[in-house]
Amino acid sequence: MKQLVIHDPTLRDGQHAVRHQLGLTAIRRYAEAADAARIPVVEVGHGNGLGASSLQVGLAAASDDEMLSTVREALLHSRMGAFMLPGWGTSEDLRRAIGHGVDVFRIGVHATEASLAERHLGFLRDAGAEAHCVLMMSHMASAGELAEQAARAVGYGAQAVGIMDSAGHFLPADVTARIGAIVGAVDAVPVIFHGHNNLGMAVANSVAAADAGALIIDGCARGFGAGAGNTQLEVLVPVLERSGYATGIDLYGLLDAADLAERELMPAPPVTASMSIVSGLAGVFSGFKHRVVELSAAAGVDPRDVFFELGRRQTIAGQEDLIVDVVSELSSRKTGG
Amino acid sequence: MEQPRTPKDEDNVHGNLRTGCGEANQQYSPLPLTPSADLPPRVPRRHTLSPTAGLRSARPEVAEPVTVAVIGTGAIGRDLVSKIDRSPALECRLVAGRNPESAGLRYAESLGYPTTAGGIEAVLAAPRPFDVVFDATSAASHRVHWPLLEPLGTLVIDLTPSKVGQMVAPTVTGVSPATGRNVNLISCGGQAAVPVVHALAARFPVSYFEVVSTVASTVAGRATRMNLDEYVATTGHAVTTFSGVTAVKAILNISPAVPPATFRTAVRARTVGADPVAVRAVVDQVAEQVRSFAPGYEVVSCTAVDDLVTITLRVTAHSDVLPPYAGNLDIINSAAVMVAEQYATRPDRMSRTGVAS
């Protein structure tokens, strides 16, 4: 059987669903459960990664240092992962994270901006850490462009490279084409796929990715993540196993970890709410949901209009301040006739 | 290499013109580059002389303008050359890059300026030191360049976030460095945010500042991409230095949005009892001052809710070579050119060049 590496960002990407408010006890307990299930990599942090706690995207309940040291203590078998967006976090944040024992780093960049990762991939390689590069909002680039960007990332030192369907926009055929192109361009390193479930396709897309040659697949317990959530880990793993892939994960342990996550990490598991379907269709980052809904309600505009307008402007993560502009424009258009 | 070109359009008709641009910031009026409906009509430079200009002209009229060199031929260097070209007080004697094929060198050549692909070595090898050297390379390169340039007595104006020199934000610090010969322009986000955080902290009890800038991907060259760490550190350091607030967060987004996102900076301040009207008045006044040298600087939104003040600033470029959305480069380069123009009137320059005591 072909071996896959399952990468679990429940304690990082899930933070978007609870405004980065996971407490250290919940973080420790989930990390222990994931470790018991032998999930290979457990990623933790603020939803936007190292150094990102801010008013712009939300202040985290716990500091990076606290989250990393808590998870490090909880993991006996699993490797610890951390995520960073250049311009939000810096090499100093990476250095501290290395000090906390992070094994796998992911540098996230917009799909067409691999060159933004050059400095930090180089830094991590020099420091001897494992460095991955993920291309976010990958629906905004063609298969060919993604392959070219992925090859660049490998040139900068990435030891794995892949794509995030940040907006939950893909259908399986989209994934097959993109992962296939990337695998063809970077056959020396494993390829990553990270799905979101806005259109109910996350598991199917992940299987398509594995079939197209991806070797690292992301999933979160109960799909914990922004909006409609991520690929649901405890569904993903057995489906991959039935499809003929080995994950090395213990099924009962995995199900226990997912149950614990539902009880202790989240008020309720993500659902594919109407707004998530709209954001998936519009191709807008799911993490915008709370702010769009909040600001639209305050201004008396239809949040669906706001999402489609944000999509039209090709808004990307980090441009949260544009939500305010769009809401006020739609609002004045409405009142001004 | 071609000979330096001296004529600078019709503006350079009087030797004492640069006394006008050496005045306070408010006197600075870059020439109109493209017609823009949202700007007041430009006043030709020769009409901007203040009443004090006569006093300055009492000094011997030094025939030679300030000689400058530009290192770095990326988007910043290119726009700098265009702004220097517009300045009657500055004379570009060398544009130095590394890549002989770079568009920046070709642009400088097209304006008739001497160019070289010999980088810093060519600048150092000049028979006579330049009065001013603009460094538009990268933070790491600047740290190498400065020890080489320092012995020459040249004024070095650093456009990288190297943190080496004395930080200048024109409306806050003035443009005449009190000490030293290395002036640092902080960062584009720093130029946009520092005037606002300085004014807010002077007026309200601010406990935390956050400065989030967004620049279009198409105007973020390789040096910018490689310097994100320095950008974050230097911008945060400047916010603390000029506001006294130590809890500070700086973030830079490189946005690939299409059409390109106009440079913007969101400033958030945690404070107590900030009246929205009072905040708006402070910010509007700051913006008016900054527009004296960066005419595309505007306040997009300004709110004060509970303990949080949020101000969004946008800078549109007014430049021969930049697209309007590249306000990030426009504001930092406009500030840099002002520093050089101010230097043109300084007595210590005269002493260095041996013209006066």
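Small disclaimer: the values here were computed from a predicted structure and weren't measured.

Criteria and thresholds
Residues numbered from 1 in each chain as written. Chains lettered and ligands numbered in written order. Predicted model: local features only at pLDDT ≥ 70, side-chain atom pairs only at ≥ 80, totals over all residues. Helix = DSSP H or I, 4+ residues; strand = E, 2+ residues; numbered from the N terminus. Rg over C-alpha atoms; globule rule 2.2 N^0.38 Å. Buried ≥ 20, exposed ≤ 12 C-beta atoms within 10 Å, placed from the backbone. Contact = placed C-beta atoms within 7 Å. Pairing = 2+ DSSP bridges. Nonpolar A, V, L, I, M, F, W, Y, C, P; charged D, E, K, R; others polar. Core = buried A, V, L, I, M, F, W, Y, C linked by C-beta atoms within 7 Å. Right-handed = clockwise from strand over helix to strand, strands pointing away. Arc of directions from axis to C-beta. Domains from an automatic or database assignment. Axes fitted to C-alpha atoms, helices over the stretch in contact; angles between N-to-C directions. Expected span 1.5 Å × (residues − 1). pLDDT = per-residue confidence, 0-100. Parallel < 35°, antiparallel > 145°, perpendicular 65-115°, else oblique. Left-handed = near helix turned anticlockwise from the far one by under 90°.

A.B. asks: How would you explain the overall build of chain A if you had to name every residue and give the values?
C.D. replies: Of the regular secondary structure elements, chain A holds 14 helices and ten strands. Computed over C-alpha atoms, the radius of gyration of chain A comes to 19 Å, within 12% of the 20 Å expected from 2.2 N^0.38 for 337 residues, which places it in the range of a compact globule. Along the first, second and third principal axes, the C-alpha atoms of chain A reach 60 × 45 × 40 Å. Burial statistics for chain A: of 337 residues in total, 62% are counted as buried.

A.B. asks: How would you explain the overall build of chain B if you had to name every residue and give the values?
C.D. replies: Along the backbone of chain B there are 13 helices and twelve strands. Within chain B, the fraction of its 357 residues that count as buried is 55%. Within chain B, counting contacts between residues at least 6 apart in sequence, those at least 24 apart form 70% of the total.

A.B. asks: Help me get a handle on the pairing of strand β5 (residues 104-110) of chain A, residues and values and all.
C.D. replies: All names here are of chain A. Within β5, seven of the seven residues are buried, which leaves it mostly tucked inside the rest of the structure. Residue alternation in β5 divides its side chains into two sets, Val104, Arg106, Gly108 and His110 and Phe105, Ile107 and Val109, and both sets are buried. As judged from the four bridges shared by strand β4 (residues 79-84) and β5, these two strands associate in the parallel manner. Within β5, the residue paired with Gly81 across the bridge is Val104.

A.B. asks: I'd like to hear about the interface of chain A and chain B, residue by residue, with values.
C.D. replies: Opposite the 23 residues of chain A that make contact, chain B presents 23 residues. Secondary-structure elements contributing two or more residues to the side of chain A that touches chain B are α5 (118-127) and α14 (321-335) of chain A. Of the residues in the side of chain A that touches chain B, the class split is six nonpolar, twelve polar and five charged.

A.B. asks: So what about the nonpolar core? Which residues, and what values?
C.D. replies: Grouped together as the largest cluster of nonpolar side chains are 223 residues, with contacts concentrated most on Val71(A), Val161(A), Val68(B), Val70(B), Phe134(B), Ile157(B) and Ala336(B). A per-element tally of this core places helix α12 (residues 327-343) of chain B first, with ten residues. Residues within four places of Ile157(B) in sequence aside, it is in contact with Val132(B), Phe134(B), Val183(B), Leu185(B), Ala336(B), Val339(B) and Ala340(B).

A.B. asks: A description of the pairing of strand β2 (residues 90-96) of chain B should follow, citing residues and the corresponding values.
C.D. replies: Residue and element names in this part refer to chain B. Where burial is concerned, most of β2 is hidden: six out of the seven residues are buried. Sheet topology note: the strand β1 (residues 66-71)/β2 ladder contains six bridges and is parallel. Within the sheet, the bridge partner assigned to Ala69 lies in β2 and is Leu94. Following the backbone out of β2, through helix α4 (residues 103-110) and into the adjacent parallel strand β3 (residues 115-116), one traces a crossover that is right-handed.

A.B. asks: Help me get a handle on the environment of Ala177(A), residues and values and all.
C.D. replies: Mapped onto the elements, Ala177(A) comes out in helix α7 (residues 172-185). The spacing of Ala177(A) and Asp256(A) is 79 residues in sequence and 35 Å in space, taken between C-alpha atoms.

A.B. asks: Go over helix α12 (residues 289-299) of chain A, please, and point to the residues and values.
C.D. replies: Residue and element names in this part refer to chain A. Turning to α12, its buried residues number three or more, namely Lys289, Val292 and Ser296. Projection of α12 onto a plane perpendicular to its axis shows the buried side chains occupying an angular sector of 65 degrees, all on one side. Turned more than 90 degrees away from the buried face of α12, the exposed residues are Ala297 and Ala298. For α12, the secondary structure elements touched by its buried residues are α11 (274-282), α13 (303-312) and α14. Gly300, located one to two residues past α12, shows a positive phi value of around 70 degrees.

A.B. asks: So what's going on with the domain arrangement of chain B? Residues and values would help.
C.D. replies: Each assigned domain of chain B is listed with its residue range as follows: domain 1 (11-51 + 61-186 + 332-353) and domain 2 (188-327). Taken together, the contact pairs 30 residues of domain 1 of chain B with 31 residues of domain 2 of chain B.

A.B. asks: I'd love a proper account of the sheet that holds strand β7 (residues 182-184) of chain B, names of residues and values included.
C.D. replies: Residue and element names in this part refer to chain B. As summarised here, the arrangement of the seven strands in space is β3-β2-β1-β4-β5-β7-β6, forming an open sheet in which the pairing is parallel. Two strands in the sheet have a free side with no partner beyond their single neighbour: β3 and β6 (166-167). As paired strands, β2 and β3 are joined by two bridges and run parallel to one another. Bridging from a neighbouring strand, Val95 pairs with Thr115 of β3.

A.B. asks: Tell me what's going on with the domain arrangement of chain A, and back it up with residues and numbers.
C.D. replies: All names here are of chain A. Partitioning chain A into structural domains gives domain 1 (2-264) and domain 2 (274-335). Taking only C-alpha atoms into account, the centre of domain 1 sits 26 Å from that of domain 2. Facing 20 residues of domain 1, the contacting portion of domain 2 comprises 15 residues. Grouping the amino acids of the side of domain 1 that touches domain 2 by side-chain chemistry returns eight nonpolar, eleven polar and one charged.

A.B. asks: I'd like a rundown of the sheet that holds strand β6 (residues 130-136) of chain A, residues and numbers included.
C.D. replies: All names here are of chain A. Read around the barrel, eight strands follow the order β2-β3-β4-β5-β6-β7-β8-β9 and close on themselves; strand pairing throughout is parallel. Between one strand axis and the next, the sheet turns by 25 degrees as a mean value, whatever way the strands run. Relative to strand β8 (residues 191-194), strand β7 (residues 160-164) is paired through four bridges, and the arrangement is parallel. If you follow Ile163 over to β8, its bridge partner there is Phe193. Set on the sheet, α7 makes contact with β7 and β8; between it and β8 the angle comes to about 155 degrees.

A.B. asks: Which residues make up helix α10 (residues 251-264) of chain A, and what values do they have?
C.D. replies: Helical geometry: 3.6 residues make up each α-helical turn, so side chains three or four residues apart lie on a common side. If you check α10(A), its first and last C-alpha atoms are 20 Å apart, about what 14 residues at 1.5 Å a residue would give, namely 20 Å. Contact partners of the buried residues in α10(A): α1 (10-13), α2 (24-36) and α9 (233-242) of chain A.

A.B. asks: Let's hear about unusual backbone geometry: which residues, and what values?
C.D. replies: At Arg222(A), a residue that is not glycine, the phi angle is positive and equals roughly 55 degrees. Within the fold, Arg222(A) resides in the loop between β9 (216-218) and α9. The exposure class of Arg222(A) is buried, given the 26 C-beta atoms found within 10 Å. Despite not being glycine, Lys163(B) has its phi angle at roughly 70 degrees, a positive value. Within the element layout of this structure, Lys163(B) appears in the loop between β5 (155-158) and β6. C-beta crowding within 10 Å serves as the criterion here: with 17 such atoms nearby, Lys163(B) is assigned to the partly exposed category.

A.B. asks: Break down the confidence of the model for chain B for me, with residues and values.
C.D. replies: All names here are of chain B. Across chain B, pLDDT averages 82, with 78% of residues at or above 70. Taken as a whole, residues 1-63 scores under 50 in pLDDT and shows 87 contacts with residues more than four places along the chain or in a different chain. In the model output, the complex is listed with pTM 0.85 alongside ipTM 0.89.

A.B. asks: Can you explain the packing of α2(A) against α10(A)? Please cite residues and give values.
C.D. replies: All names here are of chain A. Direction vectors running N to C along α2 and α10 enclose 170 degrees, while the axes themselves pass 8 Å from each other. In terms of orientation, α2 and α10 fall into the roughly antiparallel class. Considering only the axes of α2 and α10, their crossing is left-handed. Where α2 abuts α10, its residues Ala26, Arg29, Tyr30, Ala33, Ala34 and Ala36 lie against Gly253, Asp256, Ala257, Leu260, Ala261 and Glu264. Partitioned by chemical class, the residues of the contact of α2 with α10 number eight nonpolar, one polar and three charged.

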